[in-house]
Amino acid sequence: MKTVSNANSAALDSELFLSGRVWTPRRGAALVTAVLVLVICWQIDGVRLSTVFQRSTAGALSTLLRGLFPPDLSFGFLRIVSRALLSTLATGIAGTFLSVLIAIPLAALSTPILWRSGILVAADEGNLGSTLRAAASRAVLAFLGFLRAIPDLVWGLLFVTAVGLGSLAGTLALAVSYAGVLGRVYADAFADVDPRPLEALLTIGATRGQIFLRGIWPQARPTVTAYTLYSFECCVRAASVLGFVGAGGIGYEISLSMRLFEYGQAMTLILAFVLLLASTDAVSRRLRRSLQPNAGQAENPRLLQRNSARHGSFKPALRRARYVVAAAVLTSSFYFAGFTREHFSDAHVLGNMVRFCSRMFPPDFAKGFVLGLGPLVLQTLAISILGTIIGIAIGGLLAIPATSSLLLAQPDSPDVRSVSKRGLRWSIFWSSRLALNVLRSIPDLVWVLICIVVIGIGPFAGTLAIGLHTAGVLGKLYAETLEEVPRQPVEALRALGAEPFQVLAWGLWPQAKRMLASYTIVRWETNLRVSAILGLVGGGGLGQAIYNNIQLGFYARLGTLLLVIYGLVMLSDWIGDTLFRRSVAT
Amino acid sequence: MNYSIENVRKDFFVGRRNTRALDGVSLAVPAGEHLAVLGSSGAGKTTLFRLLNATLRPTRGSVRADGCDFAVMSTAELRGARRRIGTIHQQHNLVPSLTSLQNTLCGCLGRWSMAQTVRSIFHPGATDLQEATHALELVGLTDKRFSRADELSGGQQQRLAIARVLMQKPEVILADEPIASLDRALADEIISLLVRVGSEGKRTLIVALHKVELALEYFPRVIGLGEGRMRFDLPSNTVHEDVLQDLYGKHRQEARRIQDEDRFQREFGCSR
């Protein structure tokens, strides 16, 4: 089926190719739509290029840049920085741990093979209990979708309102929003297991719980651990940003110093933040490798030997030591993340949360309020689309020189031997990589603050901020994808005399375009979530309304806003799935 | 194009280990000559070809085309030289997601300007299209021109690689094991196609082969590579069994395996 449609579309494209018409109705319509969308987004965002090229903009930019250097390295401030770093890390660890605790049972409850379809339910299909169980598991899946759809910053805001300022709110927000993400990933991992062992267990007479523990879990465990560690990195990143809504950690300090125009302090904090991210990346990569000792080392016998020695002779003692260390790290994380006894007894956290949630029901569907949301929804969409386009443009331009297979001479090839030329290419390559890394490692909310300083409050600042951050993320992905394209066809093109640009157009692009498109779509979906919250710091869109209604205590309206965001995210998933991915797949 | 290789050595560093792929190889190929390279796997044939098409730099010694050393050429000159040398790679090395027609058009890349390349992404020039269609016709792939390269069978991919080289209109054709994965009938067809293309354009043709009989049948000159060294360089009518015994000496078993396989293919018409 798939190959048939592939062949058809290829033939169609080729007829077009042969016909010599560059302009066909389909291409024309696509271009007109694209231009229309761009113009509409441009209008809604209130983009005025004149503001960018004004003298005051340049002045603000130079003040900002001069303020950023030198970073504030005074002892007193460094103590604040280190405390903020510690609480951010603790929030990340505690948040990940809690989200795993919530996600595993929810994922198990939503796994289709246990409750809905397949051999395990074939026997009692159709009776009332089985139908109810299937419905319940679907409901759990939808609940996970809801947890995921609400951006983590909104969760942060909700928990700050419910339990007060500080890391505790941040940890809870991370726990809930990452439970949604992890739950979905775990459920997918559970669904991907080989069903035959499960059938064997069923015939032995195992219960569902036993089948899960002995059949599904062992098979899914590698995926689960790998993704959990990956999400730990994301959690630390998110923990740093949650401070923007008052949920503690380094984000709070960054937003404070930006608002007080203490750019030198902001610079120190950003540097510390980047350092924290780099070290969590390194630690999680190391953990991943030690948990899966054979991954990626198959061809290195020495490493393998060392690993087997490590896992062999020192096993019991080392294991016990590891458990002790892990327990100590977890306990102290929870302590620094605000899980102290007085905090819980004083604030009546649970009671507060229940009261807060109940006040969001029923959501406010008054006509005036809902209609008033229309422009904000459009603005949010426009910010995400235009921001993604800016990101694609800048990221794409930077990705080309950051692709080593395009810019750097191949090892052992006779090309470019002069030292100066090699040096020039090498420095272009590394500076574009550096630019991408800087763009990427500064969180989008910090970009919003920076853009607001330079071009003023409003949706344009949000758009630009999303664009800059997206440029870094997509540019790096683009460059990596282009580098991972199978090398041999590319070598062949080079051998017949193709220049780098031709290698890109005829060798790399055709092989990579599907991946590039799918990364871009996924990023747009993320950006829609981000643009829904930019308003919290003054970047336009729905976020402003969320912030206002929380400040004013209109919790029923808050409920409506959450539903609207949920709808928007579902819409973006749908657009990504049905329109883009299908057209990309053929 | 007159080729000359003088005393070439090529070392590869894999990890910390140094592997010598070629050592002390010298060879002169006058323009228009047809030449077969024999040798078991790992003898250095692919390395020799990569030196000849200017994608690899020798560790020592020189590779010259028309008297000009690749090592002293600028990037632009190298590209010009590569344009004049067409390579048919062992693994075909086609761009899998492009159609046959587009892969054939890739042969033009060396002579297209930047503007033509940009234009060609949407629609290539009429003459180029005509030529590409003709090249596909020559190799018998007209009905497959809109199929993606990765949907073709091994033999079809091989012929598509030849079509790309035809499109390139090179002065030299290097073919690295062009019949490695084909049955006997198809192998004959491909080799005679290559020889025909070579003779028609008075092109130099250098082909690496596993199968001794084919080399002796189609090529006036045969060289033997063994463990990175030149073992013999003879007119094909003077190549005798003892020379081949010497070449495949250490790999006699493999030579026998290949012969067995040939016999199997002859008798049953398919590969094992």
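Just so you know, these numbers come straight off a predicted model, no measurement behind them. (Residues numbered from 1 in each chain as written. Chains lettered and ligands numbered in written order. Predicted model: local features only at pLDDT ≥ 70, side-chain atom pairs only at ≥ 80, totals over all residues.)

### Thoughts on the overall build of chain A
A tally of regular secondary structure across chain A gives 27 helices and zero strands. Per-residue burial over chain A gives 40% buried out of 586 residues. Long-range pairs, those at least 24 residues apart, make up 77% of the contacts in chain A with a sequence separation of at least 6. (Helix = DSSP H or I, 4+ residues; strand = E, 2+ residues; numbered from the N terminus. Buried ≥ 20, exposed ≤ 12 C-beta atoms within 10 Å, placed from the backbone. Contact = placed C-beta atoms within 7 Å.)

### A look at the nonpolar core
General note: in soluble globular proteins, nonpolar side chains tend to be found buried as a group. In terms of nonpolar packing, the biggest core is built from 218 residues, with Val-448 and Ile-565 of chain A together with Val-37 of chain B touching the most fellow members. Setting aside chain neighbours within four positions, we find Ile-565 of chain A in contact with Ala-149, Ile-150, Val-154, Ala-532 and Leu-542 of chain A. (Core = buried A, V, L, I, M, F, W, Y, C linked by C-beta atoms within 7 Å.)

### Here we look at the interface of chain B and chain A
Facing the 39 residues of chain B at the interface are 31 residues of chain A. For the side of chain B that touches chain A, a count of residues per class yields 18 nonpolar, 16 polar and five charged. (Nonpolar A, V, L, I, M, F, W, Y, C, P; charged D, E, K, R; others polar.)

### Focus on the confidence of the model for chain B
Residue and element names in this part refer to chain B. When pLDDT is averaged along chain B, the result is 84, and 90% of the positions lie at 70 or above. Ranking the elements of chain B by mean pLDDT puts helix H10 (residues 252-268) last, at 64, and strand S8 (residues 204-209) first, at 92. The ipTM assigned to the predicted complex is 0.83, against a pTM of 0.80. (pLDDT = per-residue confidence, 0-100.)

### Re the confidence of the model for chain A
Keep in mind that low pLDDT regions are not for reading the predicted coordinates in detail. Residue and element names in this part refer to chain A. Within chain A, residue pLDDT values average 81, and 87% of them lie at 70 or more. Mean pLDDT values over the elements of chain A span from 47, in helix H15 (residues 301-312), up to 91, in helix H23 (residues 459-484). Of the regions scoring below 50 in pLDDT, residues 1-12 engages in nine contacts with residues more than four places distant in sequence or in other chains. Predicted confidence for residues 294-313 stays below pLDDT 50, and this span has five contacts to residues more than four positions away or in other chains.

### Notes on the packing of helix H19 (residues 367-399) of chain A against helix H25 (residues 500-531) of chain A
All names here are of chain A. Contact geometry of H19 with H25 gives a least axis separation of 8 Å together with a crossing angle of 135°. Put simply, H19 runs oblique to H25. With respect to the hand of their crossing, H19 and H25 are arranged in right-handed fashion. Here H19 contributes Thr-380, Ile-383, Ser-384, Gly-387, Thr-388 and Ile-392 to the contact with H25, which in turn contributes Thr-520, Arg-523, Trp-524, Asn-527, Leu-528 and Ser-531. Looking at the contact of H19 with H25, its residues break down into four nonpolar, seven polar and one charged. (Axes fitted to C-alpha atoms, helices over the stretch in contact; angles between N-to-C directions. Parallel < 35°, antiparallel > 145°, perpendicular 65-115°, else oblique. Left-handed = near helix turned anticlockwise from the far one by under 90°.)

### Side note on the domain arrangement of chain B
Residue and element names in this part refer to chain B. Along its sequence, chain B is carved into domain 1 (1-84 + 170-272) and domain 2 (94-169). With 13 residues of domain 1 in contact, the opposing surface of domain 2 contributes eleven residues. Elements supplying a minimum of two residues to the side of domain 1 that touches domain 2: helix H2 (75-83) and helix H7 (184-200). Considering only residue class, the side of domain 1 that touches domain 2 consists of nine nonpolar, one polar and three charged. (Domains from an automatic or database assignment.)

### Comments concerning helix H21 (residues 419-441) of chain A
All names here are of chain A. Between its first and last C-alpha atoms H21 spans 32 Å; for 23 residues at 1.5 Å apiece the expected length is 33 Å, and the two agree. Among the residues of H21, Ser-432, Leu-436, Leu-439 and Arg-440 are the ones counted as buried. Check the buried side of H21 and you find it contacts H19 and H23. (Expected span 1.5 Å × (residues − 1).)

### So, the pairing of strand S6 (residues 85-88) of chain B
Residues and elements named next belong to chain B. Side chains of S6 alternate between two faces, with Ile-85 and Thr-87 and Gly-86 and Ile-88 buried alike. Direction of pairing for S6 relative to strand S7 (residues 172-176): parallel, over a ladder of four bridges. Counted as the bridge partner of Ile-88 is Ala-175 from S7. (Pairing = 2+ DSSP bridges.)

### Focus: the packing of helix H9 (residues 152-163) of chain A against helix H10 (residues 167-191) of chain A
Residues and elements named next belong to chain A. Remark: H9 packs on H10, axes separated minimally by 8 Å, with the N-to-C direction vectors making an angle of 135°. Considering their axes alone, H9 and H10 lie oblique with respect to each other. The element H9 and its partner H10 pack so that their crossing is right-handed. In this structure, H9 contributes Asp-152, Trp-155, Gly-156, Phe-159, Val-160 and Val-163 to the contact, and H10 contributes Leu-168, Ala-169, Gly-170, Leu-172, Ala-173, Leu-174, Val-176 and Ser-177. Grouping the constituent residues of the contact of H9 with H10 by class yields ten nonpolar, three polar and one charged.

### Focus on the sheet that holds S6 of chain B
Residue and element names in this part refer to chain B. The sheet built from six strands is open, its strands ordered S6-S7-S8-S3-S9-S10 with mixed pairing. Edge positions in the sheet fall to S6 and strand S10 (229-235), since each of these pairs with one other strand and no more. Taken over all neighbouring pairs, the strand axes of this sheet differ in orientation by 15° on average, direction set aside. Across four bridges, the pairing between strand S3 (residues 34-38) and strand S9 (residues 221-226) is parallel. If you follow Ala-36 over to S9, its bridge partner there is Val-222. On the sheet, helix H6 (residues 154-168) packs against S6 and S7 and is oriented at approximately 175° with respect to S6.

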